[in-house]
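# Tertiary structure, described
The primary structure of each chain is shown beneath.
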Amino acid sequence: MRKFDTVISKMKYDIYKSVAQYAYEGTLDERKDDIPYQIIPGTKSSFRCCVYRERAITFQRVRLAMGKTPNDSENSILHKEDDNIVYVINAACEQCSINRFTVTENCQGCLAKKCRESCAFKAISFVNRKAHIDQDLCKECGRCYSSCPYNAIADQMRPCKRACPVDAIHIDEERKAVIDYNKCIKCGKCATDCPFSAISDKQYIVPVIEAIKSEKPVYAAIAPSIEGQFGDKVTLGMIKSGIKKLGFEDVYEVALGADMVAAHEAEEFKDNIEQKGVMTSSCCPSFVNLIKKHYPQMEDKISTTVSPMTAIARYIKQKKGDCKVVFIGPCMAKKAEAYDFDDGADYVLTYEELEAMLGAKEIDLPKCESEADEQATSAGKLFARSGGVTDAVNKAMYEMNYNAKLIPSKCNGVEECKKAITLAKSGKLDANFIEGMVCANGCIGGPSAIVNANKVKRVIEKSGSESGNKCIYHNLCVNEAKDIDLNR
């Protein structure tokens, strides 16, 4: 077991592991109420006001680990018409008593009083020659902050609200965080930035274990970013072997799906770029959500090619027949994407959840035998990092001698994505292909990754170089998939 960087990581691991252990045993229904007492024994609290609140929070996390919403009053199971996967754990929200704009000691009580003049809500007055903000009247527009010549007004936004790139977090009358799902792109940034871990995604540990225990075979599809997540000495072959010990029939690399996507997207670009003018990638679900919800005028520019996750799932189901496919990766948004396609992945697990399942079955990856590597190309493996999609599509176009010229805008992180889309919308983007990765560094920087992105990047690039310069179109998997529908 790894050394956990934070108390939050260790706490989540302990909860997920207990849930997985009881699910494998078939005793979860009887034992789920015991987990808060096992995680938090005794009568003394460690982090919150009292042990009772800590147990209430733990129970809400148990519900999430079971694939339910954290609160009993909400729908229990995720349905297709309700693809929300990020939730506020009400008992855990600290109702952060932070007023966004406050006047500091730098205030000079100047004659210009630009702060007061700029406020349209009459929230600023002067007391003892110092500016004062009436928080009941303040609408957090920021005009006072921008107008003060002394930088005497501080902007102290709550971490969850500051983290959200699409302003989908607001604060209710009880000062609790609330998610506006009409704006939410399911990137998970609020969940990773909340210091109290009061925002979390639903987990599918229990549904996956139940599927494994059923008669129908279940296949795992592991994202390219998995290499390096479990230590430098753990090879991809060891990871595959360990996952099979969890009860999966077999394990496929999503890098093979990435090869399929690169080939299909290259052909799509060649056939449509003259008409579209600009095209965007479609493998990052949060990027797709960003366009659909916040730039709907650009929706027709999104590539119609499915993501590598859906591509490999369709490939497995065509090859193996009636089965279930579980995608394993660092992304929360993939959980919602899985509900978009009936013939795609059935469930999604994150690396955190996989780690807990391995712990529940006492599987030590460094001691597992290393299975043979599949023949994904270096381009498919490098989909995991920012710029990887562009490189793979370019490689496929070169191999097929396509004449269309791809001029990329490689967007590393959500702010770059927003800038590129805005420029494209106004016809000012000096590119005809936008690769959108909402997470900085690409998938290796996903919200549920368990190792630093820079460290994983080195491992991924080493693995990619060891794959050699194999041709995407000569890849057996791509050839076998030529009769699979790879359209969204």
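Please read these numbers as outputs of a predicted model, since none were measured by experiment.

## Regarding the overall build of the chain
In terms of helices and strands, the chain carries 20 helices and 15 strands. Expected size for 488 residues packed as a compact globule is a radius of gyration near 23 Å; at 24 Å, the chain falls within 12% of this value. Considering only C-alpha atoms, the chain reaches an extent of 75 × 65 × 40 Å along its principal axes. The buried share of the chain, taken over its 488 residues, is 56%. Summed over its atoms, the accessible surface of the chain is roughly 22000 Å², and 47% of this surface lies on carbon and sulfur atoms. Of the side chains in the chain, 69 bear a positive and 68 a negative charge, and the two mean positions are spaced by 6 Å.

## A short note on the sheet that holds strand 14 (residues 408–412)
With parallel pairing, three strands are arranged side by side in an open sheet as 11-15-14. Edge strands, defined here as strands with exactly one partner in the open sheet, are strand 11 (279–280) and strand 14.

## Concerning the packing of helix 12 (residues 285–294) against helix 18 (residues 414–425)
Packing of helix 12 against helix 18 brings their axes to within 11 Å, and their N-to-C directions diverge by 40 degrees. Judged by the inter-axis angle, helix 12 sits oblique to helix 18. The way helix 12 lies across helix 18 gives a crossing that is right-handed. Taking contact as the criterion, the partners of Phe287, Leu290 and Ile291 in helix 12 are, on helix 18, Val414, Cys417, Lys418 and Ile421.

## Section: the layout of surface pockets
Counted as a void, the largest pocket has a volume near 670 Å³. Those elements giving two or more residues to the lining of the largest pocket turn out to be helix 1 (7–25), helix 8 (189–193) and strand 8 (199–201). For the lining of the largest pocket, a count of residues per class yields 14 nonpolar, 10 polar and seven charged.

## Some details on the packing of helix 1 against helix 15 (residues 351–360)
The geometry of helix 1 relative to helix 15 is characterised by a closest axis approach of 8 Å and an angle of 55 degrees between their N-to-C directions. The orientation of helix 1 relative to helix 15 falls into the category oblique. In the packing of helix 1 onto helix 15, the handedness of the crossing is right-handed. Residues Lys12, Tyr13, Tyr16, Lys17, Ala20, Gln21 and Tyr24 of helix 1 form the contact with helix 15, whose own contacting residues are Glu352, Glu353, Glu355, Ala356, Met357, Gly359 and Ala360. Partitioned by chemical class, the residues of the contact of helix 1 with helix 15 number seven nonpolar, two polar and five charged.

## Comments concerning the sheet that holds strand 10 (residues 250–253)
A sheet is described by the order of its strands in space; here four strands give the open sequence 10-9-12-13, paired in parallel fashion. Edge positions in the sheet fall to strand 10 and strand 13 (347–350), since each of these pairs with one other strand and no more. On average, each strand axis in the sheet is tilted by 30 degrees relative to the strand beside it, whichever way the strands run. Here strand 12 (residues 324–329) pairs with strand 13 via four bridges, running parallel.

## Section: the packing of aromatic side chains
On inspection of all chains with the given rule, the structure shows seven aromatic pairs. Relative to Tyr181, the ring of Tyr87 lies with its centre 6.0 Å away and its plane at 55 degrees, an arrangement referred to as tilted. Taken together, the positions of Tyr87 in strand 1 (residues 86–88) and Tyr181 in the loop between strand 7 (177–179) and helix 8 put the pair 94 residues apart, joining distant regions of the chain. When its relative accessible area of 6% is taken as the criterion, Tyr87 is described as buried.

## Quick word on the environment of Glu371
Tracing the backbone through its elements, the reader meets Glu371 in the loop between helix 15 and helix 16 (378–381). With 75 residues separating them in the primary sequence, Glu371 and Pro296 have C-alpha atoms 45 Å apart. Within polar-contact distance, the side chain of Glu371 engages the side chain of Lys244 at 3.3 Å.

## A closer look at the side chain of Ser225
Note on placement: Ser225 falls in the loop between strand 9 (218–222) and helix 10 (236–245). For Ser225, a relative accessible area of 1% translates into the label buried. If we ignore the near neighbours within four places in the chain, the residues touching Ser225 are Pro330, Tyr351, Ala384, Cys443, Ile444, Val456 and Ile460.

## Notes on helix 10
With eight of 10 residues buried, helix 10 is to be regarded as a mostly interior element. Leu236, Gly237, Met238, Ile239, Lys240, Ser241, Gly242 and Ile243 are the residues of helix 10 that are buried. Each element contacted by the buried residues of helix 10 is listed here: strand 9, strand 10, strand 12, helix 15 and helix 16. Where helix 10 terminates, the next one or two residues include Gly247, which has phi positive at roughly 120 degrees.

## Focus: the pairing of strand 15 (residues 433–437)
Most of strand 15 is tucked away: five of the five residues are buried. Of the two faces of strand 15, the one lined by Phe433, Glu435 and Met437 and the one lined by Ile434 and Gly436 are each fully buried. Relative to strand 15, strand 11 runs parallel, the two being bridged by two bridges. Note that in strand 15 the partner of Thr280 across the bridge is Ile434. Bridge count for strand 14 against strand 15 is five bridges, and the pairing is parallel.

## Here we look at empty space enclosed by the protein
Using the criterion set out here, one finds eight cavities of 30 Å³ or more in the structure. Counted as a void, the largest cavity has a volume near 340 Å³. If you go around the largest cavity, you meet 27 residues; those closest to its centre are Cys283, Pro285, Cys331, Lys334 and Cys443. Contributing elements (two or more residues each) for the lining of the largest cavity: helix 12, helix 13 (308–320) and helix 14 (333–337). In terms of residue class, the lining of the largest cavity is made up of 21 nonpolar, four polar and two charged.

## Let's talk about unusual backbone geometry
Although it is not a glycine, Gln95 adopts a positive phi angle of roughly 50 degrees. With respect to the helices, strands and loops of the structure, Gln95 is situated in the loop between strand 1 and strand 2 (101–103). Residue Gln95 is classed as partly exposed on the basis of its relative accessible area of 33%. One non-glycine residue, Asn401, lies in the positive phi region at around 60 degrees. With respect to the helices and strands, Asn401 occurs in the loop between helix 17 (388–399) and strand 14.

Definitions and limits used
- Residues numbered from 1 in each chain as written.
- Predicted model: local features only at pLDDT ≥ 70, side-chain atom pairs only at ≥ 80, totals over all residues.
- Heavy atoms only, no water.
- Helix = DSSP H or I, 4+ residues; strand = E, 2+ residues; numbered from the N terminus.
- Rg over C-alpha atoms; globule rule 2.2 N^0.38 Å.
- Buried < 20%, exposed > 50% of the residue type's maximum accessible area, 1.4 Å probe, protein only.
- Areas by Shrake-Rupley, 256 points an atom, 1.4 Å probe, with all protein chains shown as cover.
- Lys, Arg positive; Asp, Glu negative; His and termini not counted.
- Charge placed at Lys NZ, Arg CZ, Asp CG, Glu CD.
- Pairing = 2+ DSSP bridges.
- Axes fitted to C-alpha atoms, helices over the stretch in contact; angles between N-to-C directions.
- Parallel < 35°, antiparallel > 145°, perpendicular 65-115°, else oblique.
- Left-handed = near helix turned anticlockwise from the far one by under 90°.
- Contact = heavy atoms within 4.5 Å.
- 1 Å grid on protein atoms, 1.4 Å probe; cavity = no way out; pocket = protein on both sides within 12 Å on 5 of 7 lines; lining within 4 Å.
- Points joined across faces, edges and corners; volume = space filled by probe spheres on them.
- Nonpolar A, V, L, I, M, F, W, Y, C, P; charged D, E, K, R; others polar.
- Phe/Tyr/Trp six-rings, centres within 6.5 Å; stacked < 30°, edge-to-face > 60°.
- Polar contact = N/O pair within 3.5 Å; in protein donor to acceptor, adjacent residues only side chain to side chain.

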